[in-house]
Structures are given as C-alpha cells and as structure tokens.
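What follows is each chain in one-letter form.
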Amino acid sequence: MVLQVETPTAGTIRFHGKDTNQFSGSDRKEYRASVQAVFQDPWSSLNPRMRVGSIIMEPLLTNQPMGKHEAQEQLETLLRDVGLRQAQGDYYPHEFSGGQRQRIAIARALSLRPKLIVLDEPVSALDVSIRAQIMNLLRDLQNQYGVSYLLIAHNLATVRYMSHQVGVMYLGRMVEEAPVRELFTNPSHPYTKALIAASLPSHRTLNVKRSSYLEKFHRR
C-alpha cells in the first residue's frame, strides 16, 4: 500500500500531511518518485535483458530527462556509492553475485534521490557473509543521502541493527511500537516477548525453553 501497489480498504496513508488516496496526478507522480523500493529477491527484481547502467538510470531518465553526459555522470556516482566499478554499468545482471545485484537494486532506488525507500527483506536472500556488508552499506547511504527506510524483516538481528523505531505486527495488526532499544530491552506485548524469546539464543541449551515459549503463545 505504501508503494501504491494495493489500495487501502480502511484507514489512510499520509505523506507530508496529505492522504495518498486523495492525490492529484502531479501529487501522485511526485510521491512515486519520492518513494522507492529494494525487493527481497535480487535475482528476479532486475530485468535480465537490460544492462546494469540502463537498469539504474531508467527511473531517473523516465522522470527527469537529461543529456547523455549528465546521465553518465549520475550513473558513475551511483555505481561508486554502492561499491561497484564504472565499467560494470555495461554488464548484465547474470554476471553479478546476489550481493552485487542487491547493490544494483539499491543504486536504482537511489537514482531519483527519494525521501523513503521500502526495504522488503533486503538481505534475507543473501549469504550470511554478505548480509553485514549490505546492511552497513544501507546505513552509510542513509547518512549520505538523508533518506528514510521502511524496513520489513523477520530477522530480529537485522531489525535491531538497522532500525531506530520498530513496529511489531501480529495477524495483520500493529501490536507494539517503540524505539529499538526500548523494544528489545523492555517489550510489553506477549507476541513481542515471544519473538525475542524465540530468537537465536546466546547459548544452545536455551533453545528448548525459548521454542516452548513461542509455542505456548501461539496456542492461546
């Protein structure tokens, strides 16, 4: 709904104080440029028939027509900012690893200088060794570009590392919302407590206790 792929059946989504369902044509165009996304699967989210440079620049050229020289400068900047080489703009997606593909997706999302990027499980499909690199990159880019993230994730370690404010959903409803430090040190909702109890323990002997706690909650 934030990406306007689905229309809300109740409630409102507000952007700069305006209801997104009431947007005019110009408001909607501005909103779509201001809100971008990085999807979970770096293999299916990139067009295999397009070169990487075209993939990254397509949103920018569609919304802000510019000369070839200016476009090339923008592309080189985006590639450098996400840790890729200039020459790699001429490659196709299949020539990259999963982590590199996610870097391409991040560069594409940043091309319009958005105010918000929806991160849909951005590291869950990556090797464990690559996840920390991408999360650190996202944090660095947030500071560099001044962009906000809406992170969707089930891995609590990812949530804790990436987030400032956390909302916990259960059965489609928000059941708790708090600053990240407060939520992890003093959770108030039983489901939040169950999630934290079921997360990876500091010692393997705690596995049984934590798993049984989550099962007990779901039986309620």
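Predicted model only: the values in this text are computed from it and were never measured. (Residues numbered from 1 in each chain as written. Predicted model: local features only at pLDDT ≥ 70, side-chain atom pairs only at ≥ 80, totals over all residues. Heavy atoms only, no water.)

A. Quick look at the confidence of the model for the protein chain. In the predicted model, the protein chain carries a mean pLDDT of 89, and 90% of its residues have values of at least 70. Mean pLDDT in the protein chain bottoms out at helix H9 (residues 207–218), which sits at 49, and peaks at strand S5 (residues 148–152), which reaches 97. (pLDDT = per-residue confidence, 0-100. Helix = DSSP H or I, 4+ residues; strand = E, 2+ residues; numbered from the N terminus.)

B. Layout of the nonpolar core. Formed by 37 residues in total, the largest nonpolar core has its most connected members in Ile56, Ile104, Ile106, Ile117, Leu141 and Tyr149. Those elements that provide at least two residues to this core are helix H2 (52–63), helix H3 (68–81), helix H4 (98–110), strand S4 (116–120) and helix H5 (128–145). For isoleucine 104, the residues in contact, after removing those within four places along its chain, are Leu46, Val52, Ile55, Ile56, Leu84 and Phe96. (Core = buried A, V, L, I, M, F, W, Y, C linked by side-chain atoms within 4.5 Å. Buried < 20%, exposed > 50% of the residue type's maximum accessible area, 1.4 Å probe, protein only. Contact = heavy atoms within 4.5 Å.)

C. View of the layout of surface pockets. Here the largest pocket defines a volume of roughly 1,300 Å³. Taken together, 35 residues make up the lining of the largest pocket; nearest its centre are Leu150, Leu151, Gly167, Met169 and Met174. Among the secondary structure elements, those contributing two or more residues to the lining of the largest pocket are S5, helix H6 (156–162), strand S6 (165–170), strand S7 (173–179) and helix H8 (190–198). A total of five residues in the lining of the largest pocket trace back to one element, the largest contributor, which is S6. (1 Å grid on protein atoms, 1.4 Å probe; cavity = no way out; pocket = protein on both sides within 12 Å on 5 of 7 lines; lining within 4 Å. Points joined across faces, edges and corners; volume = space filled by probe spheres on them.)

D. Structural context of the sheet that holds S5. Across the sheet, which stays open at both edges, the three strands sit in the order S3-S4-S5 with parallel pairing between neighbours. Edge strands, defined here as strands with exactly one partner in the open sheet, are strand S3 (35–38) and S5. Strand after strand, the sheet turns through a mean of 20° between neighbouring axes, direction not considered. Direction of pairing for S3 relative to S4: parallel, over a ladder of four bridges. Bridge pairing in S4 links valine 38 to leucine 119. Set on the sheet, H4 makes contact with S3 and S4; between it and S3 the angle comes to about 180°. (Pairing = 2+ DSSP bridges. Axes fitted to C-alpha atoms, helices over the stretch in contact; angles between N-to-C directions.)

E. Broad picture of the packing of aromatic side chains. Enumeration over the complete set of coordinates arrives at four aromatic pairs. A ring pair is formed by phenylalanine 15 and tyrosine 31, whose centres lie 5.0 Å apart and whose planes are at 85°; its orientation type is edge-to-face. Of this pair, phenylalanine 15 sits in strand S1 (residues 14–15) while tyrosine 31 sits in helix H1 (residues 25–34), placing them 16 residues apart in sequence. For tyrosine 31, a relative accessible area of 3% gives the class buried. Members of the aromatic cluster, each reached through a chain of ring pairs, are Phe15, Phe23 and Tyr31. For arginine 139, the ring lying beneath its charged end belongs to tyrosine 161, and the centroid distance is 4.3 Å. (Phe/Tyr/Trp six-rings, centres within 6.5 Å; stacked < 30°, edge-to-face > 60°. Lys NZ or Arg CZ within 6 Å of the ring centre and 35° of its normal.)

F. Geometry of unusual backbone geometry. For arginine 113, which is not a glycine, the phi torsion comes out positive at approximately 50°. Locating arginine 113 in the fold gives a position in the loop between H4 and S4. Among the residues examined, arginine 113 registers a relative accessible area of 41% and is labelled partly exposed. For glutamate 121, which is not glycine, the phi torsion reads 45° and is therefore positive. Tracing the sequence through the fold places glutamate 121 in the loop between S4 and H5. Its relative accessible area of 12% is what places glutamate 121 among the buried residues.

G. Inspection of the packing of H2 against H3 at higher detail. At a minimum axis separation of 10 Å, H2 and H3 run at an interaxial angle of 115°. Crossing handedness for the pair H2 and H3: right-handed. Packed against H2, whose contacting residues are Val52, Gly53, Ile56, Met57, Leu60 and Leu61, the element H3 presents Ala71, Gln74, Leu75, Leu78 and Leu79 at the interface. Split into classes, the residues belonging to the contact of H2 with H3 amount to nine nonpolar, two polar and no charged. (Left-handed = near helix turned anticlockwise from the far one by under 90°. Nonpolar A, V, L, I, M, F, W, Y, C, P; charged D, E, K, R; others polar.)

H. A look at a nonpolar patch on the surface. A surface patch of nonpolar side chains, about 270 Å² in accessible area, is lined by Leu3, Val5 and Phe39. Here leucine 3 lies in the segment before S1. Under the relative-accessibility criterion, leucine 3 is labelled partly exposed at 31%. (Patch = residues over 30% accessible without salt bridge, like charges linked within 9 Å, V, L, I, M, F, W, Y side chains within 5 Å. Areas by Shrake-Rupley, 256 points an atom, 1.4 Å probe, with all protein chains shown as cover. Salt bridge = Lys/Arg side-chain N within 4 Å of Asp/Glu carboxyl O.)

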